[in-house]
Amino acid sequence: MHTVLIANRGEIAVRVIRTCREMGLKTVAVYSDADIAAPHVRMADAAYRLGPAPSSESYLRTDLILDIAKQSASDALHPGYGFLSENSAFARACEKAGVTWIGPSPDAIDAMGDKTAARALMEKANVPMAPGTTDAVADMDEVRRVSDGIGYPVLLKAAAGGGGKGMRIVEAPDELESAFHAATREAQAAFGDGRVFVEKYIVQPRHIEIQVLGDQHGNLIHLHERECS
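Summary of the structure given here. Since the model is a prediction, treat every value here as computed from it, not as a measurement. (Residues numbered from 1 in each chain as written. Predicted model: local features only at pLDDT ≥ 70, side-chain atom pairs only at ≥ 80, totals over all residues. Heavy atoms only, no water.)

**Things to note about unusual backbone geometry**
No. 1: Backbone torsion omega between Tyr152 and Pro153 reads 0°, so that peptide bond is classified as cis.
No. 2: For Pro153, the location among the structural elements is in the loop between helix 7 (140-150) and strand 6 (154-158).
No. 3: Positive phi, normally seen in glycine, also occurs at Ala73, with a value near 60°.
No. 4: Tracing the chain through its elements places Ala73 in the loop between helix 3 (62-71) and strand 4 (76-78).
No. 5: With relative accessibility at 47%, the residue Ala73 sits in the partly exposed group.
No. 6: With a phi angle near 50°, Gln204 is a residue other than glycine that sits in the positive phi range. (Helix = DSSP H or I, 4+ residues; strand = E, 2+ residues; numbered from the N terminus. Buried < 20%, exposed > 50% of the residue type's maximum accessible area, 1.4 Å probe, protein only.)

As structure tokens, then:
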């Protein structure tokens with residue numbers, strides 16, 4: 001590994017660039033027209049334009065990103081988080097193109113990257129979860145039926161991606177329809193996937209994470225617990 005393309009923007013890309021420098025790796029940035037003067041573009045060893053400002057025409061264009069990887073002789077790709085980081089099809093496309101994917105394996109992304117699939121997996125393993133759906137909701141009738149069943153407040157949540165995008169807290173039934181359409185639009189714009197599911201909203205929760213890292217040689221470590229509330 002000698003050249004890493006960072007398929008992301010902003011502070012996320014800046015952090016990856018700094019780490020690559022510490023490791024003696026060259027970096028390639030990509031940018032939309034809105035980010036032409038962004039810090040990550042100036043910091044990288046090379047930078048390539050993706051397209052117009054909307055992420056659907058730039059940071060979510062897997063074909064353009066793989067073309068740039070080839071043009072720039074990048075032999076690895078770091079997706080950051082959000083955008084394409086939980087897109088297993090893109091991870092597989094990178095591997096097929098001979099570009100090392102820096103992140104979870106496509107199979108792991110399939111299992112955990114899609115929140116509805118993750119909920120179904122946890123349900124199968126008898127892991128306690130907040131009440132809600134294990135599949136994306138089909139329409140407003142289903143959203144209303146599920147929400148009425150588990151009680152308000154509820155959380156409408158994008159099935160794909162992360163970073164808090166495509167999420168809406170709904171306190172009462174008359175807020176439901178507008179929140180559903182807003183969450184769907186935001187999820188589609190951010191991740192190219194407008195599916196959302198319904199979950200009971202937990203007021204004043206504790207958010208504790210345990211991060212697990214593994215490599216292709218079977219080595220596994222955990223980074224203890226982290227308070228993310």
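**Comments concerning the packing of helix 3 against helix 4 (residues 88-96)**
No. 1: Packing of helix 3 against helix 4 brings their axes to within 11 Å, and their N-to-C directions diverge by 25°. Taken together, the axes of helix 3 and helix 4 lie roughly parallel to each other. With respect to the hand of their crossing, helix 3 and helix 4 are arranged in right-handed fashion. Where helix 3 abuts helix 4, its residues Thr62, Ile65 and Leu66 lie against Phe90, Ala93 and Cys94.
No. 2: Grouping the amino acids of the contact of helix 3 with helix 4 by side-chain chemistry returns 5 nonpolar, 1 polar and no charged. (Axes fitted to C-alpha atoms, helices over the stretch in contact; angles between N-to-C directions. Parallel < 35°, antiparallel > 145°, perpendicular 65-115°, else oblique. Left-handed = near helix turned anticlockwise from the far one by under 90°. Contact = heavy atoms within 4.5 Å. Nonpolar A, V, L, I, M, F, W, Y, C, P; charged D, E, K, R; others polar.)

**Looking at the pairing of strand 9 (residues 208-214)**
No. 1: Across 6 bridges, the pairing between strand 9 and strand 10 (residues 220-227) is antiparallel. Within strand 10, the position partnered with Glu209 by the bridge is Arg226.
No. 2: Turn length for the strand 9-strand 10 hairpin, with the two strands adjacent in sequence and antiparallel, is 5 residues, and the turn residue Gly218 shows positive phi of about 90°. (Pairing = 2+ DSSP bridges.)

**Quick notes on the packing of aromatic side chains**
No. 1: All told, the structure shown has 2 aromatic pairs when counted by the stated rule.
No. 2: Between Tyr59 and Phe83 the ring centres are 5.1 Å apart and the planes differ by 15°, which places this aromatic pair in the stacked class. Placement of the pair is Tyr59 in the loop between strand 3 (46-51) and helix 3 and Phe83 in the loop between strand 4 and helix 4, with a sequence separation of 24 residues.
No. 3: Its relative accessible area of 2% is what places Tyr59 among the buried residues. (Phe/Tyr/Trp six-rings, centres within 6.5 Å; stacked < 30°, edge-to-face > 60°.)

**Some words on the sheet that holds strand 5 (residues 100-101)**
No. 1: Pairing within the open sheet is parallel, and its 5 strands lie in the order 3-2-1-4-5. Lying at the two open borders of the sheet, with one neighbouring strand each, are strand 3 and strand 5.
No. 2: As defined by bridge partners, strand 2 (residues 26-32) adjoins strand 3 across 5 bridges and the pair is classed as parallel. Each bridged residue has a counterpart across the sheet, and for Tyr31 the counterpart in strand 3 is Arg49.
No. 3: Sheet contacts for helix 3: strand 1 (3-6), strand 2, strand 3 and strand 4; angle to strand 3, the most-contacted strand, approximately 155°.

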